[in-house]
Amino acid sequence: GKPFMHKLLTFAGDEVTGVEGLPKGLALMSDRPGYKYIYGKVPAAGEYKYTVMLNGGRKVEVGFTVSKDLAQPTPFMGVLTWNAFQSHISSDIIKAIADGFDTFGLKAAGYDHMCIDDEWAKHDRSADGRLQWGPKFQDYEDLVRYVHSKGLKIGTYSDAGSYTCSGAQPGSYGYEDVDAEDFVKWDFDLLKYDFCNSIGGDTPEDAEKAYTAMGTALDKAMSKAGKKPSDFKLYMCEWGGRQPWLWAANTGATCWRCTADTRDYWDDPAYRGGVKQVLDVMKKIWAYQGVNRWNDADMLIVGLHGTGYPSNAGGAGHKPGLNYEESLTNFGLWCMFASPLTLSNNITNLDGKPNDLTGKTVVNKDYATDLAIITNQEVIALDQDPLGQAGEPIYDTKDYIVMQKDMADGHPALSVTNLSDLGRNIRVKLGDLTALKAGKTYKMRDLWNHCFLTTGKKVNKYTTNDEFVIWVPAHATYLYRFL
Ligand code: GLA
């Protein structure tokens, strides 16, 4: 009963000539230049297939599931401990972060996953081959209960190799069944599953096998415990090198990292973790996005202001920390990508008071603007849209990028990003936004400022015959909806 959209992008020379076997409610649409797409609503739950026909007689079979029990119908939102806390985690600190969700209105804004990253376990397994909680997590049962009592879900972390990326704790390769059993027994809701120190091989096929082993083990463990497998999320963290967007959905994962670890910089050529470098990857894989299959752009950087640990590596001689405009781009584009939204700043200090939970004393004097960005409901709504489409580049030059995003209610979004180091005018011909309908009249809503574009007191009316010129500061992203 929810709208479904599948854009049939083809490689040069290929052409979609038709679709066979479409279930009732779906149709092949040809009203956009550039590609055809499947669109509609399937009334009944079930497993479906259709066949896309290409010129030259080739066929591609597409399988999809219609269900109210999907693990990740919209990209998950929450906190990951890695950038701000790294090894400085303990039960007490996780509880304090869980409190921060409430205190600063993050829970009300939609963030509901408290995810523990690397370094929670002891370096070695127990004599009977089990992962063991580290000394700072001895009251882990109480911790999990506490996080759940706040109405939050709780995530844990492991690795599909011999050891995790920090080397601090064992990986789960070869131990998938016992570890999945423990994660479920301990009542976790999500597993971030990394790919360091892989011992089962490095090819995409090897990775698919290793992740499938964990996906299958988790399903089995959930069923055995009398729980719905879809109540557990497997979050793949293979970093994108093996193009997980092509195969990761087969493993049981419902979101997958597509990029190197994000760093606290606009530009980070060395580690490819700057906002610019993440954009370079994400802008090419938008067509692989869909409901329950999310391309993850990695942790948000907004709010760190150079106070993190691993996030400070890189930056080609620049000081770490995003400025205000760059923070708009970090958050705004992640929402356009429909990436999971994982805050990686310390959310216990969003009151401007000194705070030493991360192992160093930090004052976040920008807390008010940070909070306004990360809790902006009109921007978060782009990310959480049930149609599951990612932003699709309309103009892509070295100085700016403009994207459109299809939305479930038929009112598309537009992002305008200035990549250059100087403020500039960016011109958008609305006729180039293929998601807009010719002949229709639209109002344009500014999502950062919560207002319609006006001339004097009059709300402007736009059609696809109009142009729109906007001055955008260096490195900023402006966001709009067409209503
Ligand atoms: C890798 C991942 C990070 C983080 C660290 C932990 O680098 O990509 O997100 O989980 O490992 O060691």
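Residues numbered from 1 in each chain as written. Predicted model: local features only at pLDDT ≥ 70, side-chain atom pairs only at ≥ 80, totals over all residues. Heavy atoms only, no water.

**Structural notes on helix 9 (residues 367-374)**
The test is simple: Buried means the residue's accessible area, taken with a 1.4 Å probe over protein chains only, is under 20% of the maximum for its type, while exposed means over 50%, and partly exposed covers the values in between. Helix numbering and strand numbering both begin at the N terminus, where a helix is a DSSP run of H or I of at least 4 residues and a strand a DSSP run of E of at least 2. Throughout, the arc means that of the directions going from the helix axis to the C-beta atoms. Contact criterion: two residues are considered in contact whenever any of their non-hydrogen atoms come within 4.5 Å of each other.
What helix 9 keeps buried is the set Asp 370, Leu 371, Ile 373 and Ile 374. All buried residues of helix 9 lie within an arc of 160 degrees about the axis, which places them on one face of the element. Those residues of helix 9 that are buried are in contact with helix 3 (106-109), helix 8 (324-336), strand 14 (341-343) and helix 10 (377-383).

**A few points about the environment of Ser 87**
Here Ser 87 lies in the loop between helix 1 (82-85) and helix 2 (91-103). Exposure remark for Ser 87: the relative accessible area of 30% places this residue in the partly exposed category. Spatially, the C-alpha atoms of Ser 87 and Ala 168 are 9.1 Å apart, while their sequence positions differ by 81 residues. Contacts of Ser 87, omitting those with residues within four sequence positions, involve Glu 119 and Lys 136.

**What to know about the site of the ligand**
Note the following rule: Any residue with a heavy atom lying within 4 Å of a molecule or strand is counted as near it. Polar contact is defined as a pair of N or O atoms within 3.5 Å, subject to the rule that within protein one atom must be able to donate a hydrogen and the other to accept it, and that residues adjacent in sequence are counted only when both atoms are side-chain atoms. The Shrake-Rupley method, run with a 1.4 Å probe sphere, supplies the accessible areas, and residue values consider only the shown protein chains as cover.
Among the 13 residues in the neighbourhood of the ligand, the closest are listed as Asp 117, Asp 118, Lys 192, Asp 194 and Asp 261. At 2.7 Å from an oxygen atom of the ligand is found a side-chain nitrogen or oxygen belonging to Asp 117. Within the contact set of the ligand, an oxygen atom lies 3.2 Å away from a side-chain nitrogen or oxygen of Trp 239. Considered on its own, the ligand offers 310 Å² of accessible surface; in the complex 93% of this is hidden by protein.

**Topic: the sheet that holds strand 5 (residues 46-54)**
This is how it is decided: Here the rule is simple: two strands pair whenever DSSP picks up at least two bridges between them. Axis angles are defined between N-to-C directions and span 0 to 180 degrees, where every axis is a line fitted to C-alpha atoms and, for a helix, only to the segment in contact.
One open sheet holds the three strands; their spatial order is 2-5-6, and the pairing between them is antiparallel. Across the chains shown, the open sheet's two edge strands, defined by having one partner strand only, are strand 2 (16-20) and strand 6 (59-66). With direction set aside, neighbouring strand axes in the sheet form an average angle of 25 degrees. Here strand 5 runs beside strand 6; their pairing, made up of eight bridges, is antiparallel. In the sheet register, Thr 51 faces strand 6, and the bridge partner there is Glu 61.

**Describing the environment of Ile 93**
Checked against the element boundaries, Ile 93 lands in helix 2. Considered as a pair, Ile 93 and Gly 321 are 228 residues apart in the sequence and their alpha carbons are 23 Å apart. Ignoring anything within four residues of it in the chain, the contact list for Ile 93 reads Phe 85, His 88 and Leu 357.

**Section: the pairing of strand 10 (residues 190-194)**
Operational definition: The path from the first strand over the helix to the second decides the hand: if it runs clockwise while the strands point away from the viewer, the crossover is right-handed.
For strand 10, the buried fraction is high: five of the five residues fall into the buried class. Here strand 10 shows two buried faces, one formed by Leu 190, Lys 192 and Asp 194 and the other by Leu 191 and Tyr 193. Judged from the five bridges that link them, strand 9 (residues 153-159) and strand 10 form a sheet pairing that is parallel. Considered in strand 10, the bridge of Tyr 157 is made with Lys 192. With respect to chirality, the unit in which strand 9 leads through helix 5 (residues 176-185) into the neighbouring parallel strand 10 is right-handed. Note: strand 10 against strand 11 (residues 233-237), five bridges, orientation parallel. Opposite Asp 194, over in strand 11, you have Cys 237 as the bridge partner. As a crossover connection, the stretch from strand 10 through helix 6 (residues 204-224) into strand 11 is right-handed.

Fair warning: the whole summary comes from geometry, so function is off the table for now.
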